[in-house]
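Structural features, examined
One-letter residues, chain by chain:
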Amino acid sequence: RPQYTTLINNTWDIIIIMLGTNDAKDKGSGGPPNWPHNCTGSDALKCPFAVDYHSMIEEVRKLGNPTIYTMIPPPLMKKGTYGMNQTVINDVFPTLVPAINKENNLPHPSIDIFDALGGADKASFPPGGCTLQTSKVADCADFCDQQSCDQCHPNNNGYTALAAAVKKGLSL
């Protein structure tokens, strides 16, 4: 992919890595078998996702002397959206990404996009996902408006909240 070529052929001051949502696809959620289902518990940092994340961190460490940040992906508002496993995104990543961050001795905590977009309120997520009628519930207003309501990608309100979380995480 051209983005990867651009990444590795340059040097950087800051690199922010957010991986996971497409990795969290599995057959049980109607997607391809991307997720290995062994990324919890005491061996979580040995699972393929964590090992690949470590490899990515090691690769970008060679690109000058960048400050590297990891980000916890945003919540998935509806089970099975795009074949993604909601449990992985909403329950595994919020603990696994900070553990990967710590294991790789990164100097800053993970930037928490999950909580910035309402993940801490996951018990209040509407069972059928966000709709225009549920925009006042569980930060659905960050995912659902007249333009878009796909349960995964933020709308303009959500991207504003995401940008504020990144700014805070970078201490800007």
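Residues numbered from 1 in each chain as written. Predicted model: local features only at pLDDT ≥ 70, side-chain atom pairs only at ≥ 80, totals over all residues. Heavy atoms only, no water.

**Let's talk about the sheet that holds strand β1 (residues 14-17)**
Taken in spatial order, the three strands of this open sheet run β1-β2-β3, and their pairing is parallel. Single-partner strands in this sheet number two, and they are β1 and β3 (111-112). Judged from the two bridges that link them, strand β2 (residues 67-72) and β3 form a sheet pairing that is parallel. The partner of Ile72 across the bridge, within β3, is Asp112. Sheet contacts for helix α2 (residues 48-61): β1 and β2; angle to β2, the most-contacted strand, approximately 155 degrees. (Pairing = 2+ DSSP bridges. Helix = DSSP H or I, 4+ residues; strand = E, 2+ residues; numbered from the N terminus. Contact = heavy atoms within 4.5 Å. Axes fitted to C-alpha atoms, helices over the stretch in contact; angles between N-to-C directions.)

**Here's the deal with the state of the cysteines**
Note on terminology: a disulfide is the covalent bond linking the sulfur atoms of two cysteines. Throughout the structure, instances matching the rule amount to three disulfides. The disulfide partner of Cys144 is Cys149, and the S-S distance across this bridge is 1.8 Å. Judged by the sign of its S-S torsion, about -100 degrees, the bond between Cys144 and Cys149 is left-handed. A relative accessible area of 32% places Cys149 in the partly exposed class. Of all cysteine sulfurs, the one in Cys130 lies closest to Cys152, which takes part in no disulfide; the gap is 12 Å. By relative accessible area, which is 7% here, Cys152 ends up buried. (Disulfide = S-S within 2.5 Å. Buried < 20%, exposed > 50% of the residue type's maximum accessible area, 1.4 Å probe, protein only.)

**What about the environment of His54?**
Within the secondary structure, His54 is located in helix α2. Measuring from C-alpha to C-alpha, the distance between His54 and Ser110 comes to 14 Å, with 56 residues separating the pair along the chain.

**Some details on the packing of aromatic side chains**
Enumeration over the complete set of coordinates arrives at four aromatic pairs. Residues Trp35 and Phe49 carry aromatic rings whose centres are separated by 5.6 Å and whose planes lie at 55 degrees to one another, so their mutual orientation is tilted. Of this pair, Trp35 sits in the loop between β1 and α2 while Phe49 sits in helix α2, and the two are 14 residues apart along the sequence. Here Trp35 matches Phe49 in class, with each residue buried. Relative to Tyr53, the ring of Phe49 lies with its centre 5.6 Å away and its plane at 75 degrees, an arrangement referred to as edge-to-face. Placement of the pair is Phe49 and Tyr53 together in helix α2, with a separation of four residues, close to one helical turn. On the accessibility criterion, Phe49 (7% relative accessible area) is buried. Since its relative accessible area comes to 1%, Tyr53 is described here as buried. Each member of the aromatic cluster is reached from another via a ring pair, and the members are Trp35, Phe49, Tyr53 and Phe93. (Phe/Tyr/Trp six-rings, centres within 6.5 Å; stacked < 30°, edge-to-face > 60°.)

**Notes on the pairing of β2**
A large share of β2 lies buried, amounting to five of its six residues. Judged from the four bridges that link them, β1 and β2 form a sheet pairing that is parallel. Looking at β2, one finds that Ile17 is bridged to Thr70. Taking the sense of rotation as the criterion, the β-α-β connection linking β1, α2 and β2 turns out right-handed. (Right-handed = clockwise from strand over helix to strand, strands pointing away.)

**Brief notes about the side chain of Asp150**
Within the secondary structure, Asp150 is located in the loop between α4 (113-116) and α5 (156-169). Within the buried set, Asp150 has no salt-bridge partner at all; the shortest N-O distance to an opposite charge, 11 Å, is to Lys25. There is a polar contact of 2.6 Å between the side chain of Asp150 and the side chain of His153. With residues near it in sequence (within four places) discarded, Asp150 still touches Thr81, Tyr82 and Phe143. (Lys, Arg positive; Asp, Glu negative; His and termini not counted. Salt bridge = Lys/Arg side-chain N within 4 Å of Asp/Glu carboxyl O. Polar contact = N/O pair within 3.5 Å; in protein donor to acceptor, adjacent residues only side chain to side chain.)

The values are spatial; any link to function lies outside them.
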